[in-house]
Amino acid sequence: MKVWYATRVLFGRSMLHILRSPDTIITVLITPVMLMLLFAFVFGGAIHIGSGNYVNYLVPGIELIAIASGTAYTSLRLFYDRQKGMFARFQTMPVSRASILWAHVLTSLISNAISVVLIIGIAFIMGFRTSAGVLQWLAVGGILALFTLAMTWLAVIPGLTATSIDGASAFAYPLIFLPFISSAFVPTATMPTIVRVFAQNQPVTALVDSVRALFNSTPIGNEIWSALAWCVGITIVAYFIAMRAYRRFQ
Amino acid sequence: MTDLAIQVSALRKSFKATEVLKSVDLSVRRGEIFALLGSNGAGKTTTINILATLLKPDSGSASICGFDVLRQPVKVRENISLTGQFAAVDGLLTGRENLVLIARLRGVHSPHQTADMLLSRFGLSAAAQRRADSYSGGMTRRLDIAMSLVGTPAVIFLDEPTTGLDPEGRLEVWKTIKELADGGTTILLTTQQLEEAEQLADHIAILHGGSIIANGTLNELKQHFPPAKVEYIEKQPSLEDIFLAIIGQKGGK
Ligand SMILES: Nc1ncnc2c1ncn2[C@@H]1O[C@H](COP(=O)(O)OP(=O)(O)OP(=O)(O)O)[C@@H](O)[C@H]1O
Ligand SMILES: [Mg+2]
């Protein structure tokens, strides 16, 4: 009970942080939305995806980019808490150590969920249409939440160990590029062999293909298992590394 | 129940190659103001961090109000509060929100009332609704100390509490520290300003070369000091003279 109460109090605090730093909200939303506009209205005409609406094609990848860049702020918030001494303050108080970390994880889950919903809304305005029913929407929500969880625990590691702000945020850059070498924007079939092999076997392609299939109500293949395995695997490995780093603080 | 608020024996701590604490022994009685003096890098902050359960010692033992810092850290945390060497306030929250946050986490019954009381006590009422990152250095430090008083912990660690304060602010903090001690709170403070220790402390210890090389009341320390040289005028050594002399003696060996 006490653990949950402290987690809630600390969660309220970091959600306030997000509300009070408009730059975080803007960068988290603007970059994916700009990419969506750019691809839909500038590059889109030249990209051949076969039949169908290109905005529909884009949405899953854009959501993943939004989540990857959103979770980078978890690293930053943790880093600032360490640097500004708030971490030490909380740790010398009768507050469960788990709460201090879980509050950040919860903040990431909720704030990313909000940006995912906002981006879907913008996509609708741009012409996104789906035949997904309630179950498919729930499945999409579940997959994106799992991806957020995986990325968040990954982000906790530099948040706890980085010695500079740059170090704390740098981990997100490669993650933001992964969607470009995947099926997020263009079909992988046209890529040169080496790139294609990479693209077809990295988590973003599996995630994008699964979400796309759910939105289009087309049959889902094995990619959903591959997507889930990636997310669960990353979460478990990152969680254990993060907890090891956390225990150094006793 | 022991009447010792803090008990430290044979405490050792190294960071990689540097041996910071070799063997530190300390005991602080309840309700006492205890000043820990030492040059930069002597290990004052390290000692406080161990007592506040932030760092693990390599060996030796330490207990707060009878609770062992390694075996009963949760009990220790219920009894302490730390004002670190560098202010730890949440810049994105207002002064009042900072205090309410700490009050909630400490499980205080009326967080808002507690916050308002502390704000007025530290002269921050006018700035209560402003974000803490707009505070001056002195205001930040006052808020920082106020946050450490939430929930009236039995033992308060103050690591250089008045560094960066103007003389007025320093007097305010001194007054608060005295009031707290009168109310039964035990205070362990470190300071670079020897006048501060002279003014406040019931007990003074000097940490040098990894252990406590002098320990006692100001008067006891004065007696240990080589007798004042008889010159034309006899001058009582100030604590500063004592400090420098003791360090010089030990350091020279
Ligand atoms: N995390 C750490 N890693 C490595 N060395 C450290 C660490 N923390 C402290 N030290 C070293 O331990 C020594 C004691 O540091 P400490 O901060 O305890 O000194 P201090 O007495 O508080 O000094 P000051 O008066 O400057 O605050 C210093 O030499 C410092 O460089
Ligand atoms: Mg120090």
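In case you missed it, the structure is sitting above this.
Residues numbered from 1 in each chain as written. Chains lettered and ligands numbered in written order. Predicted model: local features only at pLDDT ≥ 70, side-chain atom pairs only at ≥ 80, totals over all residues. Heavy atoms only, no water.

1. Concerning the packing of aromatic side chains
Residues and elements named next belong to chain A.
- Per the stated rule, a full pass over the model turns up 13 aromatic pairs over all chains.
- With a centroid separation of 5.1 Å and 70 degrees between ring planes, the pair formed by tryptophan 137 and phenylalanine 215 is classed as edge-to-face. Residue tryptophan 137 is located in helix 6 (residues 134-161), and its partner phenylalanine 215 is located in helix 10 (residues 203-216); the two are separated by 78 residues in the primary sequence.
- The exposure class assigned to tryptophan 137 is partly exposed, which follows from its relative accessible area of 32%.
- Lying across the ring of tyrosine 57, arginine 212 places its NZ or CZ 3.5 Å from the centre. (Phe/Tyr/Trp six-rings, centres within 6.5 Å; stacked < 30°, edge-to-face > 60°. Helix = DSSP H or I, 4+ residues; strand = E, 2+ residues; numbered from the N terminus. Buried < 20%, exposed > 50% of the residue type's maximum accessible area, 1.4 Å probe, protein only. Lys NZ or Arg CZ within 6 Å of the ring centre and 35° of its normal.)

2. Brief notes about the interface of chain A and chain B
- Counting residues at the interface gives 22 residues for chain A and 29 residues for chain B.
- Here chain A is connected to chain B by 3 salt bridges.
- Of the charged contacts, one joins Arg20(A) and Glu97(B) as a salt bridge, the two residues approaching to 2.7 Å between their closest N and O atoms.
- At the level of secondary structure, the elements contributing two or more residues to the side of chain A that touches chain B comprise helix 1 (2-20) and helix 4 (86-91) of chain A.
- Among the elements that take part in the side of chain A that touches chain B, helix 1 of chain A stands out by supplying 8 residues, more than any other.
- Residues that form the side of chain A that touches chain B fall into these classes: 12 nonpolar, 5 polar and 5 charged. (Contact = heavy atoms within 4.5 Å. Salt bridge = Lys/Arg side-chain N within 4 Å of Asp/Glu carboxyl O. Nonpolar A, V, L, I, M, F, W, Y, C, P; charged D, E, K, R; others polar.)

3. Notes on the coordination of the magnesium ion (ligand 2)
All names here are of chain B.
- Around the magnesium ion (ligand 2), the protein supplies Thr45 (OG1) and Gln85 (OE1) as donor atoms, at distances of 1.9 to 2.2 Å. Of this pair, threonine 45 sits in helix 1 (residues 44-51) while glutamine 85 is found in the loop between strand 6 (80-83) and helix 3 (95-105), placing the two residues 40 residues apart along the sequence.
- Classification of threonine 45 as partly exposed rests on a relative accessible area of 27%. (Donors = N, O, S within 2.8 Å, 3.2 Å for Na, K, Ca; no water.)

Everything listed is a geometric property; what it means functionally is a separate question.
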